[in-house]
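In case you want the letters, here they are:
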Amino acid sequence: MANYSHKFIYDGKLCTDYGIIISTFDKGGLEKVSSSKIGLKTYKSPMGNKWLKYGYEYTDPIQFKIGVSKGNLKPFTKEEVGEINRWLMRTDNYHWLQFYTGQFEDIYFNCTAISAEENVINSRTYLIEYTFMTDSSYGYSSIKEKTFEANDDTKSFTIVNRSDEVGHIYPNTTIELLEDGDLTIYNSIEDRTVEIKNCK
């Protein structure tokens, strides 16, 4: 998971409350981060040398790393390292983490830091790299609310599934009729029609 933010919120607290920002030291290469993994469920075809898929499951939660340094680029004191560790490395439960940027601002990870590695120069800690473990193979977002009004000019609208999970979505829907009559709902993706008569 590439990160394009300098700030993040964890357990309702902004990182700058601790005087830190997201940082990295140039290590001369690309960083590899564990993202979603799936395991295929297969069986061998009795008629040939093919393995047929009959399902899948997520096998691992997301893990990612965040490096933090002080905003003024000064070294950490031991007391500051301990305070930040107590904030991020939690044993009470997972907590929500949100990157403070437009690209990921609506994505939340329920996670906790499971390890910390200090980057030391001349016996002083300038950067702490945390490895986070989430409770899921994907992030979460807030509930989306959309309002559509159908009339003689606009009789259709589209609900888009922006989730990383491929499949159906089942929105909670409230339909308010402006006059008595029959209600017809047509799903163009599945070519399916539902008709409710004598609506009041």
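(A) Inspection of the pattern of salt bridges at higher detail. In total, this model carries seven salt bridges according to the counting rule given. In this structure, Asp92 engages Arg90 in a salt bridge whose closest nitrogen and oxygen atoms are separated by 3.0 Å. Between Lys197 and Asp182 there is a salt bridge, with the nearest N and O atoms lying 3.9 Å from each other. With Lys197 in strand β11 (residues 192-199) and Asp182 in strand β10 (residues 181-187), this pair connects stretches of sequence that are 15 residues apart. With relative accessibility at 53%, the residue Lys197 sits in the exposed group. The class for Asp182 is partly exposed, based on a relative accessible area of 45%. The structure contains a network of salt bridges with shared partners spanning Asp11, Arg90 and Asp92.

(B) Representation of the pairing of β10. Pairing geometry for β10 and β11, over six bridges, is antiparallel. Within β11, the residue paired with Tyr186 across the bridge is Thr193. What sits between β10 and β11 in their antiparallel hairpin is a turn of four residues, with Asp191 showing a positive phi close to 50 degrees.

(C) Region of interest: a nonpolar patch on the surface. On the surface, a cluster of nonpolar side chains totalling about 390 Å² of accessible area is made up of Ile175, Leu177, Ile185, Val194 and Ile196. Structurally, the position occupied by Ile185 is in strand β10. When its relative accessible area of 37% is taken as the criterion, Ile185 is described as partly exposed.

(D) Geometry of the packing of aromatic side chains. Applying the stated criterion across every chain, the model contains eleven aromatic pairs. Here the aromatic rings of Phe64 and Phe109 are separated by 5.5 Å at their centres, their planes lie at 55 degrees, and the arrangement is tilted. Of this pair, Phe64 sits in strand β6 (residues 63-70) while Phe109 sits in strand β8 (residues 108-121); the two residues are 45 residues apart in sequence, bridging distant segments of the chain. A single burial state applies to Phe64 and to Phe109, both of which are buried. Ring centres of Tyr138 and Tyr140 lie 6.0 Å apart, and the angle between their planes is 65 degrees; this geometry places the pair in the edge-to-face category. What links up through ring pairs into an aromatic cluster is the set Phe8, Tyr10, Tyr18, Phe64, Trp87, Phe99, Phe109 and Phe132.

(E) Here's a closer look at the nonpolar core. Counting 22 residues, the largest nonpolar core has Phe8, Phe64, Ile66, Leu88, Leu97 and Phe132 as its most contacted members. Taken together, the elements giving at least two residues each to this core come down to β1 (8-10), β3 (20-22), β6, α1 (78-88), β7 (95-99), β8 and β9 (124-134).

(F) Structural context of a negative patch on the surface. Taken together, the side chains of Asp152, Asp153, Glu179 and Asp180 make up a negatively charged region of the molecular surface. If you trace the backbone, Asp153 turns up in the loop between β9 and β10. Classification of Asp153 as exposed rests on a relative accessible area of 76%.

(G) Representation of α1 within the structure. Listing the buried residues of α1 in full gives Val81, Ile84, Trp87 and Leu88. For α1, the angular spread of buried residues about the axis comes to 125 degrees, placing them on one side. The outward face of α1, more than 90 degrees from its buried face, is lined by the exposed residues Lys78, Glu79 and Arg86. Here the buried face of α1 lies against β1, β2 (13-14), β3, β8 and β9.

(H) Expanded view of the pairing of β7. With respect to burial, β7 is a largely interior element, four of its five residues being buried. Relative to β7, β1 runs antiparallel, the two sharing three bridges. Among the inter-strand pairings, Tyr10 is bridged to a residue of β7, identified as Leu97. Pairing of β7 with β8 involves four bridges; the strand directions are antiparallel. Looking across to β8, one finds that Leu97 is bridged to Phe109.

Analysis parameters
- Residues numbered from 1 in each chain as written.
- Predicted model: local features only at pLDDT ≥ 70, side-chain atom pairs only at ≥ 80, totals over all residues.
- Heavy atoms only, no water.
- Salt bridge = Lys/Arg side-chain N within 4 Å of Asp/Glu carboxyl O.
- Helix = DSSP H or I, 4+ residues; strand = E, 2+ residues; numbered from the N terminus.
- Buried < 20%, exposed > 50% of the residue type's maximum accessible area, 1.4 Å probe, protein only.
- Pairing = 2+ DSSP bridges.
- Patch = residues over 30% accessible without salt bridge, like charges linked within 9 Å, V, L, I, M, F, W, Y side chains within 5 Å.
- Areas by Shrake-Rupley, 256 points an atom, 1.4 Å probe, with all protein chains shown as cover.
- Phe/Tyr/Trp six-rings, centres within 6.5 Å; stacked < 30°, edge-to-face > 60°.
- Core = buried A, V, L, I, M, F, W, Y, C linked by side-chain atoms within 4.5 Å.
- Lys, Arg positive; Asp, Glu negative; His and termini not counted.
- Charge placed at Lys NZ, Arg CZ, Asp CG, Glu CD.
- Arc of directions from axis to C-beta.
- Contact = heavy atoms within 4.5 Å.

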